[in-house]
Amino acid sequence: MNEPDKTTGRRPRSEGAFAAGAARASGERRRRAGTPLIPTDPVEVSTARRVAATSAPDDTPDETQPSSTPREPVTPAKASGEGKRPRRAAMKRSAGTTRPGPAPAGGRGDADPGARRVGATGERADRARLRSVPPPSDDPAPGGDEERRLRESARALSARAVASAAAQASGTAEKLVARFLDAADTSSDIRPSVPELVSLAVDVLRAAATSSGVPAADVERQVAETLAYVRRRLMGDVSVDEFGFDEDFTRHVYLPLLRPLYKKWFRVEVKGIEHIPATGGALVVANHSGTVALDSLMTQVAVHDEHPQHRHLRMLGADLVFQTPFIGAMARRSGSTLAATTDAERLLGKGELVGVWPEGFKGVGKPFSERYKLQRFGRGGFVAAALRAEVPIVPCSIVGAEEIYPMLGNMPTVARLLGVPYAPITPTFPWLGLLGLVPLPSKWLIEFGPPVDTSALGPEAADDPMIVFDLTDQVRETIQQTLYSLLMQRTSVFI
């Protein structure tokens, strides 16, 4: 091999070129091995390490300064990596140390270009290693911790704000309640009196009624009666008869709830109200229809509102009515009672106006194809009661109830499960759910016919079946002919 020149310490040109080529090949292999498959941004050296490296003494010799010690020749083994191990250890100890810049022209650095290439190749390998993907760590990233801490802080602040607002609202409400209680316990000129409050309520209701087209005088009267009813209830001034009838409740609560249906929805027209006697007992017999027995309720409103004496119709109902929760109690308080001969005779003997619908569930639950065709009137028990009490029988014909829930079919299995006589299928129920329970707004006509006198027959006639059956057929035929007449007079079902 060629020996270095003893005077200059330099190797021949050919050996320097060989070492430079070997160093480039070795650096290229290290660069490829250290380069990640996924490109990443270079990892910058921290400021603290940069400052420490700058302040640390520089042990590496300056290649730009002349040196009396001859430079050790670079061998292929050293160029392949053995000579780089001390340099890597030094870089690990002082990361961030920068290499000196290029030597000025004519300096010693120009004397050995191969060695400078080897240093540049090692620097590129170190930079590639710094750019490599760091190994996975179990510790969360600082940025993630900071973001999580910010979110937790925001949630904590929001929760504290909500709690503070709730506490403030609660405190404000407590202050208002305490102030109201103090004002109620102590007299004050600022506090409004009861007459002023009543006057204010009447003014508000008058304005609402005027905007809706109701005369203001009627509203004032209704408000005054309602306030009087509330006062009586609070003082316990309640009177109920032996059948559970509460006249005060019926007049001020029950009938007002039914009047919107009577006046606005069904637009009921009443004829022959003069045939109902002003005093004394009487038995009103009417046809039954409509799937849901709203015809009896509308008849009750018609008798009270249209009759000059505003008489109450005491209706006779089936057992199922009084077994139904809420409906049974409401029926009792509004004057209804069980459809029994004894109860009917007692009411008629007291001079009450009694209403009965002899068709029962057969009339209410008949299909729409049999509309306005009367079913059998039972065994004539209502006639026997009228004969014993010697009161007149007033036939009543109702047109319009058949169309509120047109019964297209029946579900007998469902009816047996629910314990009811029938489970109707209408154009709207059960297809529309609860909305299907809203009745159709048909036009109603109610006509009271001339009374049938029973006083001339005497109470003994109630025990004669022939007389009872004849009177029953007479009343039924009168109602049927009146229905046909009203249907001829009606121009439309809904108008």
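Computed from a predicted structure; not experimentally measured.

1. Description of the environment of Leu-283
- Inspection of the secondary structure puts Leu-283 in strand β2 (residues 282–286).
- Take Leu-283: its relative accessible area is 2%, and that puts it in the buried class.
- Sequence separation between Leu-283 and Val-452 is 169 residues; the distance between their C-alpha atoms is 9.7 Å.
- In contact with Leu-283, not counting residues within four places along its chain, are Leu-348, Val-354, Val-356, Phe-382, Ala-386, Val-391, Pro-392, Ile-393 and Val-394.

2. Some thoughts on a negative patch on the surface
- A cluster of like negative charges, contributed by Asp-464, Asp-470, Asp-473 and Glu-477, occupies part of the molecular surface.
- The topology assignment puts Asp-473 in helix α17 (residues 465–489).

3. Points about a nonpolar patch on the surface
- Taken together, the side chains of Trp-265, Trp-431, Leu-432, Leu-435 and Val-438 present a nonpolar region at the surface, about 540 Å² in accessible area.
- Mapped onto the fold, Trp-431 is located in the loop between β8 (424–425) and β9 (445–448).

4. What to know about the environment of Phe-249
- Counting through the fold element by element, Phe-249 comes out in helix α9 (residues 247–265).
- Placed 20 residues apart in sequence, Phe-249 and Tyr-229 show a C-alpha to C-alpha distance of 8.3 Å.
- If we ignore the near neighbours within four places in the chain, the residues touching Phe-249 are Tyr-229, Arg-233, Tyr-254, Met-330 and Arg-333.

5. Some remarks on the pattern of salt bridges
- This model, assessed by the stated rule, comprises 15 salt bridges.
- Residues Arg-233 and Asp-246 are paired through a salt bridge, measuring 2.5 Å at the closest nitrogen-oxygen approach. Residue Arg-233 is found in helix α8 (residues 216–235), and its partner Asp-246 is found in the loop between α8 and α9; the two are separated by 13 residues along the sequence.
- Taking relative accessible area as the criterion, Arg-233 reaches 25% and is therefore assigned partly exposed.
- We note a salt bridge from Asp-343 to Arg-346, for which the minimum N-O separation is 3.7 Å. Linking Asp-343 with Arg-346, this pair stays in helix α13 (residues 341–349), spanning three residues, or about one helical turn.
- A relative accessible area of 13% places Asp-343 in the buried class.
- Overlapping salt bridges bring together Glu-242, Asp-343, Arg-346 and Lys-350 as one network.

Rules behind the numbers
- Residues numbered from 1 in each chain as written.
- Predicted model: local features only at pLDDT ≥ 70, side-chain atom pairs only at ≥ 80, totals over all residues.
- Heavy atoms only, no water.
- Helix = DSSP H or I, 4+ residues; strand = E, 2+ residues; numbered from the N terminus.
- Buried < 20%, exposed > 50% of the residue type's maximum accessible area, 1.4 Å probe, protein only.
- Contact = heavy atoms within 4.5 Å.
- Patch = residues over 30% accessible without salt bridge, like charges linked within 9 Å, V, L, I, M, F, W, Y side chains within 5 Å.
- Areas by Shrake-Rupley, 256 points an atom, 1.4 Å probe, with all protein chains shown as cover.
- Salt bridge = Lys/Arg side-chain N within 4 Å of Asp/Glu carboxyl O.
- Lys, Arg positive; Asp, Glu negative; His and termini not counted.
- Charge placed at Lys NZ, Arg CZ, Asp CG, Glu CD.

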